[in-house]
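# Observations on the three-dimensional arrangement
As a plain string of letters, each chain reads:
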Amino acid sequence: MKTPLPMPSQPETLIANGKEAHYLVEKDNVTGAEALILALLAEGVDTVFGYPGGAIMPVYDALYDYQDQLKHYLVRHEQGAAHAAQGYARVQKRAGVCMATSGPGATNLITGIADAMIDSTPIVCITGQVGKHLLGTDAFQETDVVSISLPVTKWNFQVTRASEIPEAIAKAFYIAQSGRPGPVLIDITKNAQVEKFNFKYQKINKIRSYFPKRKVDLAAVDRAAELLNQAQRPLMLVGQGVLLSQAQAELKQVAERAGIPMASTLLGLSAVEANHPLYVGYLGMHGNYGPNVLTNQCDVLLAVGMRFDDRVTGDVKRYAPQAKVIHIEIDPAEIDKIIKTTVALNSDAKETLQALLPRLAARQHPDWLARFKECDRTEYDKVLSKDFAPTTEKVKMAEVIKRLNELTQGTAIVATDVGQHQMTTTRYYHFTQTDSNITSGGLGTMGFCLPAAIGAKIGRPDRQVLAIIGDGGFQMTLQELGVIMQYHVAVKVIVLNNNFLGMVRQWQQLFFDRRYSSVDMTNPDFIKLAEAYSIPARRVQHREELEGALHDLLASPTAFFLEVMVEKEENVFPMVPAGAAVADIRLE
């Protein structure tokens, strides 16, 4: 290893992850590649996920001298780097960082970037690029990643001179983490990585013409409070914006003061502990019966940090037509985009709820809450009692998740992929600790879970991290088991295997006359595969094996792989059919 470069006599001090670190903010005659590393350190970055290649090789060479300060995790595919950065960002509440080379390396990041964009996850993506003189010549591994990524980034920029790097990185972190978070991409030409200049770094907290959040409109808050104070059947919808603004405490204070039932979107899960007396369940296509049906009976709908996704609203024309809608949302583009508001509060959720709280009258709505309890009983009779009843030889997905929830008491970080297992997990894993739900919402990316869980475990090594995946999604990024093996990442992986693309099969059964087209999967031996990566593994084929297997998984000090063979043609209910109203939710 090369001799580390000396630090200045009085370096800047940074507190990151509870640790004190020193970093350079000025240094003469450095390469652009080293300047990038110094800029990342100045932003408090200590973890990077990436995959090297020719166009970004100078950066990796510079990284060699800073391995003690900046830990790099070598993923097995660049998509895995983006998803791992997402998982890290979700649990750390700050931007994750990933790197890739030009051409296919950069394009392989795009799925993860798009996922981060629609789910408001702050990540900073750094790509290498061919030299400035080769741009536009179709040089080896050249793609115009700036144009490709434009629709799925909050901001992107191509660096063609070394001196542009400090400001570009400072802007990248500020934009990614401010307002409604999202991904940014910095593309750095190879010449800019090797040029030398006098490095000077200054963090950015303001950009001309960029206004990440607006001041709270107190007059609008007064109108919202008046509606809530008069409401007889209020309902609060809890979105991911509550988690992003760290407004969990304020949200519960508002709900408790005004006696408002709280229901969560998919990405809002874990903002409110599932055992809170005012929490009434999960919204959406496969959500709980009560909050879906009673959305169309409430008189005031308070939506906090959510965007009225189609999976929540169903048929927009028949969504809460009777309700006055109060929408708290930081992104002005989401206001009145899907659902017309009575009162729009275009500001930060935490600040807005703080302003709203003292204006609310102390109220309770016992009769209204009782309706949710009635719906819960109906759902139990029609759905839960069947999901938990061992009527078939094969294990049901719900049995696995229910027992996991009991054994962990809802305290684990749970990452899910996309499909039936995802909906089952979000229904039956009852989060009791905040910032614990890691899933792909808006984009619905199969392959998300495994690398995202790895990033989450690296970000929070002190917490149990469960990766719950279907057999289809697992095979999209299973190569990231190599990261678990190489870096000893203690993720607990559970594959619920029904040898089907289960959610597609469910739709084909219900809406396409059981014409099962290209959904039956012949899978490899997942246990042998896990063992090839030196990961302890076990398979459950019979119900009586489940309890011991789950204990082995949770007790393992290392990573553990558990495959559970589940019922092949199991369906997930309740279900709001596509295009139906939320009140038309099916229980069977």
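Residues numbered from 1 in each chain as written. Predicted model: local features only at pLDDT ≥ 70, side-chain atom pairs only at ≥ 80, totals over all residues. Heavy atoms only, no water.

## Remarks on the overall build of the protein
- Along the backbone of the protein there are 23 helices and 22 strands.
- Here the C-alpha radius of gyration of the protein, 25 Å, is about what a compact globule of 588 residues would show, namely 25 Å.
- With respect to the three principal axes, the spread of C-alpha positions in the protein is 70 × 60 × 45 Å.
- Counting across all 588 residues of the protein, residues that qualify as buried make up 61%.
- Put simply, 76% of the contacts in the protein that link residues at least 6 apart link residues at least 24 apart.
- Looking at the protein as shown, the accessible area adds up to about 23,300 Å², and 51% of this sits on carbon and sulfur atoms.
- When the 59 positive and 64 negative side-chain charges of the protein are each reduced to one mean point, those points stand 3 Å apart. (Helix = DSSP H or I, 4+ residues; strand = E, 2+ residues; numbered from the N terminus. Rg over C-alpha atoms; globule rule 2.2 N^0.38 Å. Buried < 20%, exposed > 50% of the residue type's maximum accessible area, 1.4 Å probe, protein only. Contact = heavy atoms within 4.5 Å. Areas by Shrake-Rupley, 256 points an atom, 1.4 Å probe, with all protein chains shown as cover. Lys, Arg positive; Asp, Glu negative; His and termini not counted. Charge placed at Lys NZ, Arg CZ, Asp CG, Glu CD.)

## Description of the sheet that holds strand S6 (residues 96–100)
- An order of S5-S4-S6-S7-S9-S8 is seen for the six strands of this open sheet, with the pairing classed as parallel. Looking at the sheet topology across the chains shown, the edges are occupied by strand S5 (71–74) and strand S8 (155–159). When strand polarity is set aside, the average angle formed by the axes of neighbouring strands in this sheet is 20°.
- Two elements, strand S4 (residues 47–50) and S6, share two bridges in a ladder whose sense is parallel. Paired with Gly 50 across the two strands is Met 99, which belongs to S6. (Pairing = 2+ DSSP bridges. Axes fitted to C-alpha atoms, helices over the stretch in contact; angles between N-to-C directions.)

## Here we look at empty space enclosed by the protein
- The tally for this structure, following the rule as stated, stands at one cavity of 30 Å³ or more.
- In this structure, the largest cavity encloses a volume near 30 Å³.
- Every residue along the wall of the largest cavity is listed here: Asp 387, Ala 398, Thr 424, Tyr 428, Glu 570, Asn 571, Val 572 and Phe 573.
- Split into classes, the residues belonging to the lining of the largest cavity amount to four nonpolar, two polar and two charged. (1 Å grid on protein atoms, 1.4 Å probe; cavity = no way out; pocket = protein on both sides within 12 Å on 5 of 7 lines; lining within 4 Å. Points joined across faces, edges and corners; volume = space filled by probe spheres on them. Nonpolar A, V, L, I, M, F, W, Y, C, P; charged D, E, K, R; others polar.)

## What to know about the nonpolar core
- Core analysis: the biggest nonpolar cluster contains 99 residues, and Met 236, Leu 301, Leu 404 and Val 564 have the highest contact counts within it.
- Taken domain by domain, the makeup of this core includes at least three residues from each of domain 2 (218–371) and domain 3 (393–569).
- With residues up to four places along the chain from it excluded, the contact list for Leu 301 reads Leu 235, Leu 237, Phe 308, Tyr 319, Ala 320, Ala 323, Lys 324, Val 325 and Ile 326.
- Counting 52 residues, the second-largest nonpolar core is a separate cluster that includes Val 75, Ala 415, Phe 526 and Ala 530. (Core = buried A, V, L, I, M, F, W, Y, C linked by side-chain atoms within 4.5 Å. Domains from an automatic or database assignment.)

## Points about the state of the cysteines
- By the definition in use, this model includes zero disulfides.
- Distance from the sulfur of Cys 449, which forms no disulfide, to the nearest cysteine sulfur (Cys 98) is 18 Å.
- Of the residues examined, Cys 449 reaches a relative accessible area of 0% and is grouped as buried. (Disulfide = S-S within 2.5 Å.)

## Observations regarding the sheet that holds strand S17 (residues 413–416)
- Ordered by their spatial adjacency, six strands build an open sheet running S18-S17-S19-S20-S22-S21, and the pairing between neighbours is parallel. Across the chains shown, the open sheet's two edge strands, defined by having one partner strand only, are strand S18 (437–438) and strand S21 (537–540).
- The pairing of S17 with strand S19 (residues 465–470) spans four bridges and is parallel. When the bridges of S19 are listed, Ile 413 appears paired with Val 465.
- In the packing of helix H16 (residues 397–408) onto the sheet, contacts are made with S19, strand S20 (492–497) and strand S22 (560–565), and the angle to S20 comes to roughly 160°.
- On the sheet, helix H23 (residues 546–555) packs against S19, S20, S21 and S22 and is oriented at approximately 160° with respect to S22.

## Some words on the environment of Asp 119
- Secondary-structure assignment places Asp 119 in the loop between helix H5 (110–118) and strand S7 (123–129).
- Each C-alpha atom, one on Asp 119 and one on Ala 412, is 21 Å from the other, the two residues being 293 residues apart in sequence.
- The contact partners of Asp 119, leaving out residues within four places of it in the chain, are Arg 90, Gln 240, Leu 267, Thr 439, Ser 440, Gly 441 and Gly 442.
- A distance of 2.7 Å separates a polar atom in the side chain of Asp 119 from the backbone nitrogen of Gly 441. (Polar contact = N/O pair within 3.5 Å; in protein donor to acceptor, adjacent residues only side chain to side chain.)

## So, the pattern of salt bridges
- Scanning the model with the defined rule gives 31 salt bridges in all.
- Note that Glu 351 is salt-bridged to Lys 213, the shortest N-O span being 2.6 Å. With Glu 351 in helix H14 (residues 349–356) and Lys 213 in the loop between strand S10 (196–200) and helix H9 (218–230), this residue pair connects regions lying 138 residues apart in the sequence.
- In this structure, the salt-bridge partner of Asp 315 is Arg 318, at a minimum N-O distance of 2.8 Å.
- By relative accessible area, which is 38% here, Arg 318 ends up partly exposed.
- Salt bridges sharing common partners tie together Arg 180, Asp 331, Glu 334 and Lys 337. (Salt bridge = Lys/Arg side-chain N within 4 Å of Asp/Glu carboxyl O.)

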